[in-house]
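Here's the letter readout for the chains.
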Amino acid sequence: MPGNGSGGTAVTRSTLRQQIADALRDEVLAGRLSPGQEFTVRQIADQYGVSATPVREALVDLSAQGLLDSDQHRGFKVHEFSVADYRMMVEARALVVDGVFQHYERTGRRHEPGPGPFDVQTLVSVRRRAEEAARAARAGDLDILIGYDLRFWRELSAAVSNRYVSDFLHRLRVQAWVFAVPRLRSDPDPAPWLWSGHARIVDAVTRGDARGVRDEIAACNTHELAWADRLERREKRGREGQEHQER
């Protein structure tokens, strides 16, 4: 029996809220909203031609995900992650992922009841994401890489862990990309720092080699931490150069 319509309105607003949150997240990941950039609810509402309520809700959601900072008087701004933040993201992700695959290696099953984690359909989908992500990484194409990389890791983690772990890992990876995007875009040759070993992980998964998967993921983390080391050295040289000019 149809209701009075209030439920449909709530669903519509919730859907709009998610659409706005997704669109703004894409803007941040694409670098069109840069770290530290400030904006108000009204500015975003005008940009998308919607009312303020779903925009405010979307911005609060993104703040809860660590992507935005809110100020009661000035509105919102894109969060500025430091190299130290990025390093901690990679290390936190490594600890969780290693635990997930150690569990799978010991038991041969995921953390919650269900069908086998890597059925044929899952493998085909994950491999397609892996191949596209690796191709984009080798070409230095950030716009293509980010989407495929996020979907690759999301599908992989969902296959071997429960949704809480998968959501946590996805959030960390989004935050890591928010940190990385402006720095990679300012690099004249970012390709050497874009990890492209996605397909090797799928190969190890296909072989049923959980240890091999862990080794490949560890190699990815090592690669990303080496990039963080490079950034730290570059920032240190920049500070030293600025101090020298001020003397």
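Residues numbered from 1 in each chain as written. Predicted model: local features only at pLDDT ≥ 70, side-chain atom pairs only at ≥ 80, totals over all residues. Heavy atoms only, no water.

Here the focus is the overall build of the chain. Counting its regular elements, the chain contains 9 helices and 3 strands. Each helix (α) and strand (β) of the chain, taken in turn from the N terminus, gives the series α-β-α-α-β-β-α-α-α-α-α-α. Each of the 247 residues in the chain was classed as buried or not, and the buried ones make up 40%. Intrachain contacts of the chain at a sequence separation of at least 6 include 73% that bridge at least 24 residues. As displayed, the chain offers around 13600 Å² of accessible surface, 50% of which is attributable to carbon and sulfur atoms. (Helix = DSSP H or I, 4+ residues; strand = E, 2+ residues; numbered from the N terminus. Buried < 20%, exposed > 50% of the residue type's maximum accessible area, 1.4 Å probe, protein only. Contact = heavy atoms within 4.5 Å. Areas by Shrake-Rupley, 256 points an atom, 1.4 Å probe, with all protein chains shown as cover.)

This paragraph deals with the nonpolar core. Grouped together as the largest cluster of nonpolar side chains are 45 residues, with contacts concentrated most on F39, V55, L59, L145, W177 and F179. Among the elements that take part in this core, helix α7 (residues 163–185) stands out by supplying 9 residues, more than any other. In this structure, L145 is in contact with A133, A136, A137, W177, L194 and H198, ignoring residues within four places of it in sequence. Counting residues in hydrophobic clusters, the runner-up holds 23 residues, among them V97, F118, A130 and F152. (Core = buried A, V, L, I, M, F, W, Y, C linked by side-chain atoms within 4.5 Å.)

A sheet is described by the order of its strands in space; here 3 strands give the open sequence β1-β3-β2, paired in antiparallel fashion. Since the sheet does not close on itself, it has two edges, and those belong to β1 (38–39) and β2 (68–71), each with one partner. Of the pairings in the sheet, the one linking β2 to strand β3 (residues 75–78) comprises 4 bridges and is antiparallel in character. Counted as the bridge partner of D71 is G75 from β3. Relative to β2, helix α3 (residues 52–64) is tilted by about 120°, and along the sheet it contacts β1, β2 and β3. (Pairing = 2+ DSSP bridges. Axes fitted to C-alpha atoms, helices over the stretch in contact; angles between N-to-C directions.)

Next up on the list: the packing of helix α5 (residues 120–139) against helix α8 (residues 198–207). The relative placement of two packed helices comes down to the angle between their axes together with the axis-to-axis distance. Axis separation between α5 and α8 bottoms out at 7 Å; the angle between their running directions is 155°. When the interaxial angle is binned, α5 and α8 end up roughly antiparallel. When the axes of α5 and α8 are compared, the crossing they make is left-handed. In this structure, α5 contributes L123, V126, R127, A130, A133 and A134 to the contact, and α8 contributes H198, A199, V202, D203, V205 and T206. In the contact of α5 with α8, the residues fall into 8 nonpolar, 2 polar and 2 charged. (Parallel < 35°, antiparallel > 145°, perpendicular 65-115°, else oblique. Left-handed = near helix turned anticlockwise from the far one by under 90°. Nonpolar A, V, L, I, M, F, W, Y, C, P; charged D, E, K, R; others polar.)

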